[in-house]
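Spelled out, the chains give:
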Amino acid sequence: MRYGIEDVINGIRALAEGLGDVTIMEVCGTHTHSIRRFGIPSILPSNIKLVSGPGCPVCVTAQEDIAAALDIADQEDVIFTCFGDMMRVPCGNASLYSLYESGRDIRLVTSPLDALEIAKANPGRQVVYFAIGFETTAPHTAALIEAANNQKVENISILNTHKTMPQALQALLSGQKKINALLCPGHVASVIGANAFRFVPEKLNLPAAVSGFEAYEILAAVLKIIELCRYNRVDCVNMYPGVVTADGNRRAVELMYRFMEPADAVWRGLGIIKKSGLKLRREYARFDALARFEITHRKPEEPKGCICARILRGDKTPDECARFGKDCTPDTPFGPCMVSSEGSCAAYYQYRD
Ligand code: SF4
């Protein structure tokens, strides 16, 4: 039997009474936006808090990776391709957008395979695809490498910054006491499966629920978490069973690991986390843009006064940033969390009323 949304809200309120503070972290940009869009914090009891973690793929891309993107995109013979949100991420005094304005050939794509078509249409030039994101986008990048390899398109390469969620969450949430539960990302879970989040109860000793993105689905997942807290149980419950299976999308995972393998990765706000990234396997290393272009590793300063790094760790909320809504808005963004349509600062700003 499916309960109505009011029953779910009343259930949360009843179970939360006298429970003490419960802070639930969500780690998906779409969750962050849905939570703000539906005004969910305003209907939760005051002892139940939702905070955002490292769930926005643009936001977690490290400053040194953005710098590498700029240095490659700034080369004469390069056509640099990326998703739209990356264009305005600031890096020192520049961004991909400022390079584009200065005449560099930077093109937006909606799929990695668009980059392959651009490479085929421009055989005399080097095409680079800026691969960002988690397990949701990495299989698409793998499909690009597979197609380039099969079709013998050699003038394409990948600036690969893919990351994997479980390792980062384990590093972030181990041994801390501030976050009491996890709202697991439905999109990532649809690829790697609900079982991939079993480590949350088993290793971190925290309750968790895999959630969808509608108001009802998020509230039902919160209710399940509060119920687990109320009865002192730790478990990871799949509250998105119509989309997420226990084992996920095996074909997508197999494709991803056929072309990539685990590697250490650097996350904005979290630093280097062991085996939390994906690098190209040796057989496909010739598609690695970092091997193809000579660039010097550099790490420009984070934007001044920007606390994106702390927001991504769940230490702060966007409205605690002195620049939020003043000189930092979606039209004049200072940091990636305001630039990205999935960023926490953008969500807080867009739904601030
Ligand atoms: S409001 Fe702007 S400056 Fe502040 S943390 Fe967010 S992106 Fe950075």
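First things first, this report covers the structure right here in the doc. (Residues numbered from 1 in each chain as written. Predicted model: local features only at pLDDT ≥ 70, side-chain atom pairs only at ≥ 80, totals over all residues. Heavy atoms only, no water.)

Description of the pairing of strand E4 (residues 105-108)
Next, step 1: Across four bridges, the pairing between strand E3 (residues 78-82) and E4 is parallel. When the sheet's bridge partners are listed, Phe80 is paired in E4 with Ile106.
Next, step 2: In terms of handedness, the path from E3 via helix H6 (residues 96-101) over to E4 forms a crossover that is right-handed. (Pairing = 2+ DSSP bridges. Helix = DSSP H or I, 4+ residues; strand = E, 2+ residues; numbered from the N terminus. Right-handed = clockwise from strand over helix to strand, strands pointing away.)

Some points on the site of the ligand
Next, step 1: In the neighbourhood of the ligand, the contacting residues comprise Cys306, Ile307, Cys308, Ile311, Cys321, Arg323, Phe324, Cys328, Phe334, Gly335, Met338 and Cys345.
Next, step 2: Among the cavities detected, the one that contains the ligand is the largest cavity.
Next, step 3: Each residue belonging to the shell around the ligand can be placed in one class, and the counts come to 10 nonpolar, one polar and one charged. (Near = heavy atom within 4 Å. 1 Å grid on protein atoms, 1.4 Å probe; cavity = no way out; pocket = protein on both sides within 12 Å on 5 of 7 lines; lining within 4 Å. Sits in = over half its atoms within 2 Å of the grid points. Nonpolar A, V, L, I, M, F, W, Y, C, P; charged D, E, K, R; others polar.)

Focus on the sheet that holds strand E1 (residues 22-26)
Next, step 1: Pairing is parallel in the open sheet, where five strands are placed in the order E2-E1-E7-E8-E9. Because the sheet does not close on itself, it has two edges, and the strands there are strand E2 (48-52) and strand E9 (236-238). Neighbour to neighbour, the strand axes of the sheet diverge by 25 degrees on average, direction disregarded.
Next, step 2: Against the sheet, helix H2 (residues 29-37) contacts E1, E2, strand E7 (181-185) and strand E8 (208-211), and its axis sits at roughly 110 degrees relative to E7. (Axes fitted to C-alpha atoms, helices over the stretch in contact; angles between N-to-C directions. Contact = heavy atoms within 4.5 Å.)

Taken by themselves, the reported measurements are silent on function.
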